[in-house]
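Residue-level structure breakdown
Listed below, chain by chain, are the residues.
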Amino acid sequence: MIDRVQLSKRIKDLAERDPKRRLIGSRHHKYELGTCLTEPELAALESSYCVDIPTEYRLFLLNVGNGGAGPGYGLE
């Protein structure tokens, strides 16, 4: 799995190629990742919605970020 440092570098490279923010969603996310969640925050989220977050997504939220730039916003 890619980590936050690797992804941040890729996002920074993309931001430099798109200084006028023309890629879809870039004006919204500004090429930034949301903060990572903690285990207690994830546990509270799961409890609140009565769900179990899949392992890979859990790792993403813990190690990469929560929202912000992502595939749904033109980085795919």
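Attention in this report is confined to the structure presented alongside it. Remember, predicted model here, so these are calculated numbers, not experimental data.

**Let's talk about the side chain of Ser26**
Mapped onto the fold, Ser26 is located in helix H2 (residues 26-29). A polar side-chain atom of Ser26 sits 3.5 Å from a polar atom in the side chain of Asp18. Beyond its immediate chain neighbours, meaning those up to four positions away, Ser26 contacts Asp18, Arg21 and Tyr31.

**Some details on the side chain of Glu46**
Within the secondary structure layout, Glu46 lies in helix H3 (residues 39-49). The class for Glu46 is buried, based on a relative accessible area of 13%. Look past the residues within four positions of Glu46 in its chain and what remains in contact with it is Val51, Asp52, Ile53 and Arg58.

**Points about the nonpolar core**
Counting 7 residues, the largest nonpolar core consists of Leu7, Ile11, Ala15, Tyr31, Leu33, Val64 and Ala69. In this view, Ala15 contacts Arg21 and Tyr31; residues no more than four positions away in its chain are not counted.

**Remarks on unusual backbone geometry**
The phi dihedral of Arg21 is positive, around 55 degrees, even though this residue is not glycine. Within the element layout of this structure, Arg21 appears in the loop between helix H1 (4-17) and H2. Taking relative accessible area as the criterion, Arg21 reaches 26% and is therefore assigned partly exposed. Located in the positive-phi region is Lys30, a residue other than glycine, with phi close to 55 degrees.

**Overview of the pattern of salt bridges**
Counted under the stated rule, the structure contains 3 salt bridges. Residue Glu39 is joined to Arg58 by a salt bridge in which the shortest nitrogen-to-oxygen separation is 2.9 Å. With a gap of 19 residues between them, Glu39 in helix H3 and Arg58 in helix H4 (residues 55-63) connect regions that are remote in the sequence. A relative accessible area of 16% places Arg58 in the buried class. For Arg58, the salt bridge identified is with Glu46, shortest N-O distance 2.6 Å. You can see Arg58 sitting in helix H4 and its partner Glu46 sitting in helix H3, a full 12 residues away along the chain. Each of Glu39, Glu46 and Arg58 takes part in one network of salt bridges that share partners.

Quick notes on the rules
Residues numbered from 1 in each chain as written. Predicted model: local features only at pLDDT ≥ 70, side-chain atom pairs only at ≥ 80, totals over all residues. Heavy atoms only, no water. Helix = DSSP H or I, 4+ residues; strand = E, 2+ residues; numbered from the N terminus. Polar contact = N/O pair within 3.5 Å; in protein donor to acceptor, adjacent residues only side chain to side chain. Contact = heavy atoms within 4.5 Å. Buried < 20%, exposed > 50% of the residue type's maximum accessible area, 1.4 Å probe, protein only. Core = buried A, V, L, I, M, F, W, Y, C linked by side-chain atoms within 4.5 Å. Salt bridge = Lys/Arg side-chain N within 4 Å of Asp/Glu carboxyl O.

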